[in-house]
Structures are given as structure tokens and as C-alpha cells.
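The residues making up each chain are set out below.
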Amino acid sequence: MSTPPPPPPPSNVGHGDEEERGMGAEEESPGMATKTLKAKAGKDGGALINIKVHGQTADDVFFRIKRDVKLRRLMDMYYGKHSLHPKAVLFLDPRSRYIRPNQTPDEVGLEDGDTIDIILT
């Protein structure tokens, strides 16, 4: 009696904007760390940047966001994580200017690794 063949491996079909992990050309053995590959759609507008949000009372929170996505998504996630009302929080860019929810990181001038400060009103 023979055993059935093993099922085929799952295919990694992406939509072009998520991170994928895979073996780089320089990696030879399976015991080595994986290399992060970022699939970019279009021009540099789809690139991801890391932003640190520094609050007055809570620990710093790190977000990874695309340059062309409205900062409302980051703000909503921060409100939910810390159970805050949106009208009770002001977001300030590294130059201490107010950030509006309909702005993108490119419009504000945020770069990878920048810090957004939070003021509770």
C-alpha cells in the first residue's frame, strides 16, 4: 500500500504592497536569518517609512506607514490603542507644527525614523 503524495506548498501570491520574507541570493543554508524584501508598486510614493509617536504619558509607539497614505489611519490606531477621544489629542511634526488627519507623510515632510509628538488637551 502506497501513501498519497504530500500536498503542494502554498503559493505566495501578493498584491504588490505587502512585505514578503524570502531567502536572499547570498544566503546558502536554511539556518540563516531571512532577508526582508519589499515589493513596491509604482514610484517612490508607495515606499514604507517608520514613524515613532511619542506621547506625554504612554510609551513610544512605532508605526510603519506608506508615504502616500493619509495620517488619519495612524491617528485612529493611536486613539484606539490608548482609548483616547480624537478631540483630546494634538499631533505635532518634528518642527512642532500641527498635523491634520487629511495630510500624508509626504505633505507633512516626514522622513523615515521621524518622531511625532502628542499633546493631550
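Residues numbered from 1 in each chain as written. Predicted model: local features only at pLDDT ≥ 70, side-chain atom pairs only at ≥ 80, totals over all residues. Heavy atoms only, no water.

### Quick word on the overall build of the protein chain
Inference 1: Helix and strand content of the protein chain: two helices and six strands.
Inference 2: Its helices and strands taken in sequence order, the protein chain reads β-β-β-β-α-β-α-β from the N to the C terminus.
Inference 3: Within the span of the protein chain, comprising 121 residues, buried residues form 26% of the whole.
Inference 4: Expressed as a percentage of contacts within the protein chain between residues at least 6 apart in sequence, the contacts between residues at least 24 apart total 48%.
Inference 5: For the protein chain, the exposed surface amounts to about 8800 Å²; the carbon and sulfur share of it is 53%. (Helix = DSSP H or I, 4+ residues; strand = E, 2+ residues; numbered from the N terminus. Buried < 20%, exposed > 50% of the residue type's maximum accessible area, 1.4 Å probe, protein only. Contact = heavy atoms within 4.5 Å. Areas by Shrake-Rupley, 256 points an atom, 1.4 Å probe, with all protein chains shown as cover.)

### Focus: the layout of surface pockets
Inference 1: Here the largest pocket is characterised by a volume of approximately 160 Å³.
Inference 2: Around the largest pocket, the lining residues are L48, F63, R64, I65, K66, V69, R73, L74 and M77.
Inference 3: Where the lining of the largest pocket is concerned, the elements lending two or more residues are β4 (61-66) and α1 (72-82).
Inference 4: Considering every element that reaches the lining of the largest pocket, the biggest residue donor is β4, with four residues. (1 Å grid on protein atoms, 1.4 Å probe; cavity = no way out; pocket = protein on both sides within 12 Å on 5 of 7 lines; lining within 4 Å. Points joined across faces, edges and corners; volume = space filled by probe spheres on them.)

### Quick look at the side chain of R67
Inference 1: Mapped onto the elements of the fold, R67 is located in the loop between β4 and α1.
Inference 2: The exposure class of R67 is buried, given its relative accessible area of 13%.
Inference 3: A distance of 3.4 Å separates polar atoms of two side chains, one belonging to R67 and the other to D106. (Polar contact = N/O pair within 3.5 Å; in protein donor to acceptor, adjacent residues only side chain to side chain.)

### Comments concerning unusual backbone geometry
Inference 1: In this structure, S83 is a non-glycine residue whose phi angle is positive, near 50°.
Inference 2: In this structure, S96 is a non-glycine residue whose phi angle is positive, near 65°.
Inference 3: On the secondary structure map, S96 appears in the loop between β5 (89-92) and α2 (105-108).
Inference 4: For S96, a relative accessible area of 55% gives the class exposed.

### With respect to the environment of I51
Inference 1: Here I51 shows up in strand β3 (residues 48-54).
Inference 2: A residue is classified by how much of its surface remains accessible, and I51, at 0% relative accessible area, is buried.
Inference 3: Each C-alpha atom of the pair I51 and P105 lies 9.4 Å from the other, and the pair is 54 residues apart in sequence.
Inference 4: In this view, I51 contacts V61, F62, F63, I65, L110, D114 and I116; residues no more than four positions away in its chain are not counted.

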